[in-house]
Amino acid sequence: MKETEKRELEKELRKEKNLPIPVEKILEQIEIFKIGIPYIKLYKPCLVGEGIKVISDDKQQEYINLFTDALDKKDIFKFVPASGAATRMFKKQLAVLLDDPEIDEKKLKSSVSKGDEESLATLDFFENLNRFAFYDELKSFSIKNSYDLEELIGNGEVADVVRLVATEEGLNYSNLPKGSIPFHYYPEGSRTAFEEHLIEAMNYVANKDGEVRIHFTISPEHEKDVRQLFNSLVEKHAAQNWIFKIDFSFQSSSTDTISVTSDNKPFRDEDGKIVFRPGGHGALLKNLNDLKADIILIKNIDNVVQEYLSSDTYKYKKILGGYLLSLQEKVFNLLTEWDNLKSDDQSIEEIINFINEEFDINLKERLDSKSSAEKKKYLFEFLNRPVRVCGMVKKEGHPGGGPFFVVDDL
């Protein structure tokens, strides 16, 4: 950005009131948009024994026992990023509706025949409406508000059906948090993703007293509705003697990103107000950092399956939790005895080998030019931070999805 342009833009921004982030940060963001972000440099794919560890059957049970035992001794809970609205779930249907507010099945099929992807997604949505978990709720809403849903479907009234599902004229799903929309069908009644996560937590983070701790990040505008939903869920499941400790936090507006036009000028809405977008999941590191816990199990709001498919989820969450506890203990033992650690080459070499073995990170070249004291200081800072473990789904011939080593500065 030229210096004159930067000064003019800064002057323009200084006139704005209630910006969620400082002007200096906005200017930095726009500069990044102009320059671009360099690609991550991939070094090599992770393989079994090189970045990926396979836990043997006997170790699996050991880790499950370790985690189960820790539930009564440590502060352990589940963390669920759930601040996203369901707008993207109905993005293609709303785009078709915006293009033609009176679209019907006949016109939709004509667009599909021309290869329009949004029309294809909308037709699939319309033809399979009765297979969605929210269908019963849609029927109830239609009856209550004097809509004949079957007639609308039979007559191919796509526009009216999309409006009933996604807009304020109906259930308004596109403006609700994803977690509060009926997500899975059960004969006794559909469940939202919020409820599925609650049930998951009951099965792998509950202690012997039946106490279940779970934390959700939500949007401020959804707080009232989300709390009301959870009040009903707690009432529903508390009859089974569960003790729920459910907390909420908001994604900080300080992590927002300015929206810009194609020429990197601030984008403004119809009222002339600059538009900001919430950051991605990385923005929630601040929320995580504010929480006080020994172990936090993280799972995204829409990454949840029906209960009858969840036994493997429960098992492997416990295995990962136990493996993490095992790693923590080794690291904590080293750090506790750090002051007594000799600054000799042999002791330092042992720690370098430990990091290489447990974390698949080779620090030898990085530390070669440092003195023994510098190596000891570097290694302490390397180990004195949160430890994260991730599970990987077994690859079965499909491309992609695996982790990579990257070239980066530690």
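Residues numbered from 1 in each chain as written. Predicted model: local features only at pLDDT ≥ 70, side-chain atom pairs only at ≥ 80, totals over all residues. Heavy atoms only, no water.

A.B. asks: Lay out helix 2 (residues 23–35) in plain terms, naming residues and giving numbers.
C.D. replies: With 13 residues, helix 2 should reach 18 Å at 1.5 Å per residue; the first-to-last C-alpha distance of 19 Å fits that figure. Taken together, the buried positions of helix 2 are occupied by V23, I26, L27, Q29 and I30. All buried residues of helix 2 lie within an arc of 160 degrees about the axis, which places them on one face of the element. More than 90 degrees from the buried face of helix 2, the exposed residues found are E28 and I35. Considering only its buried residues, helix 2 is in contact with helix 1 (3–14), strand 9 (257–258) and strand 10 (276–277). (Helix = DSSP H or I, 4+ residues; strand = E, 2+ residues; numbered from the N terminus. Expected span 1.5 Å × (residues − 1). Buried < 20%, exposed > 50% of the residue type's maximum accessible area, 1.4 Å probe, protein only. Arc of directions from axis to C-beta. Contact = heavy atoms within 4.5 Å.)

A.B. asks: Break down the pattern of salt bridges for me, with residues and values.
C.D. replies: For the coordinates displayed, the defined rule picks out 27 salt bridges. For E200, the salt bridge identified is with K78, shortest N-O distance 3.0 Å. Separated by 122 residues along the polypeptide, E200 in helix 10 (residues 193–204) and K78 in strand 4 (residues 76–81) bring together distant segments of the chain. Each member of the pair E200 and K78 is classed as buried. Residue D247 pairs with R213 through a salt bridge whose shortest N-O separation is 4.0 Å. Residue D247 is found in strand 8 (residues 243–250), and its partner R213 is found in strand 7 (residues 211–218); the two are separated by 34 residues along the sequence. Each of E10, R14 and E24 takes part in a single network of salt bridges with overlapping partners. (Salt bridge = Lys/Arg side-chain N within 4 Å of Asp/Glu carboxyl O.)

A.B. asks: Residue-level account of the side chain of E358, with values.
C.D. replies: Tracing the backbone through its elements, the reader meets E358 in helix 14 (residues 345–359). On the basis of relative accessibility, which here comes to 13%, the residue E358 falls in the buried class. Only 3.0 Å separates the side chain of E358 from the side chain of K330, close enough to count as a polar contact. Apart from the residues within four sequence positions on either side, E358 is in contact with K53, Y323, L327 and K330. (Polar contact = N/O pair within 3.5 Å; in protein donor to acceptor, adjacent residues only side chain to side chain.)

A.B. asks: Go over the nonpolar core with me, naming the residues and quoting the values.
C.D. replies: With 39 residues, the main nonpolar core has F194, F216, F230 and I246 as its most contacted residues. Those elements giving two or more residues to this core turn out to be helix 3 (57–70), strand 4, helix 10, strand 7, helix 11 (223–238), strand 8, strand 11 (295–298) and helix 13 (311–336). Examining the composition of this core, we find that seven residues originate from one element, helix 10, more than from any other. When sequence neighbours within four positions are dropped, the list of residues in contact with F216 reads V80, A82, F194, H197, F230, I246, D247, F248 and S249. (Core = buried A, V, L, I, M, F, W, Y, C linked by side-chain atoms within 4.5 Å.)

A.B. asks: A description of the packing of helix 14 against helix 16 (residues 372–383) should follow, citing residues and the corresponding values.
C.D. replies: Interhelical geometry of helix 14 versus helix 16 gives an angle of 30 degrees and a closest axis separation of 10 Å. Between helix 14 and helix 16, the angle is such that the two are roughly parallel. As for how helix 14 packs across helix 16, the hand of that crossing is left-handed. Every residue of helix 16 that contacts helix 14 at D345, I348, I351, I352, F354, I355 and F359 is listed here: S372, K375, K376, L379, F382 and L383. (Axes fitted to C-alpha atoms, helices over the stretch in contact; angles between N-to-C directions. Parallel < 35°, antiparallel > 145°, perpendicular 65-115°, else oblique. Left-handed = near helix turned anticlockwise from the far one by under 90°.)

A.B. asks: Any chance you could break down the state of the cysteines for me, citing the residues and the numbers?
C.D. replies: Considering all chains together, one arrives at zero disulfides under this definition. Free cysteine: C46, not disulfide-bonded; nearest cysteine sulfur from C390 at 11 Å. (Disulfide = S-S within 2.5 Å.)

A.B. asks: Got a sec to walk through the environment of T217? Specific residues and values, please.
C.D. replies: Structurally, T217 can be placed in strand 7. Classification of T217 by relative accessible area gives buried; the value is 0%. Along the chain, T217 and L288 lie 71 residues apart, while their C-alpha atoms are 9.8 Å from each other. For T217, the contacting residues outside a window of four places in its chain are F79, V80, P81, A82, S83, S249, L284 and N287.

A.B. asks: So what's going on with a negative patch on the surface? Which residues, and what values?
C.D. replies: A grouping of D99, D116, E117 and E118 is seen on the molecular surface, where their side chains present a negatively charged patch. In this fold, D99 is placed in helix 4 (residues 91–99). What makes D99 exposed here is its relative accessible area of 69%. (Patch = residues over 30% accessible without salt bridge, like charges linked within 9 Å, V, L, I, M, F, W, Y side chains within 5 Å. Areas by Shrake-Rupley, 256 points an atom, 1.4 Å probe, with all protein chains shown as cover. Lys, Arg positive; Asp, Glu negative; His and termini not counted. Charge placed at Lys NZ, Arg CZ, Asp CG, Glu CD.)

A.B. asks: Help me get a handle on the pairing of strand 7, residues and values and all.
C.D. replies: Among the eight residues of strand 7, seven are classified as buried, and the element is accordingly described as predominantly covered. Here strand 4 pairs with strand 7 via four bridges, running parallel. Its bridge partner being in strand 7, P81 is matched across the sheet by T217. Bridge count for strand 7 against strand 8 is eight bridges, and the pairing is parallel. Bridge assignment links E211 to a residue of strand 8, and that residue is I243. This β-α-β element, strand 7 to helix 11 to strand 8, shows right-handed connectivity. (Pairing = 2+ DSSP bridges. Right-handed = clockwise from strand over helix to strand, strands pointing away.)

A.B. asks: Before we move on, can you summarise the sheet that holds strand 7 with the specific residues and values?
C.D. replies: On the basis of which strands lie adjacent, the open sheet formed by four strands has the order 8-7-4-11 and parallel pairing. The outermost strands of the open sheet, each flanked by one partner alone, are strand 8 and strand 11. For this sheet, the mean angle separating the axes of adjacent strands, direction not counted, is 25 degrees. Pairing analysis gives four bridges linking strand 4 to strand 11, with the strands arranged parallel. Bridge pairing in strand 11 places F79 opposite I298. Across the sheet, helix 10 touches strand 4, strand 7, strand 8 and strand 11, and the angle it forms with strand 7 is around 145 degrees.

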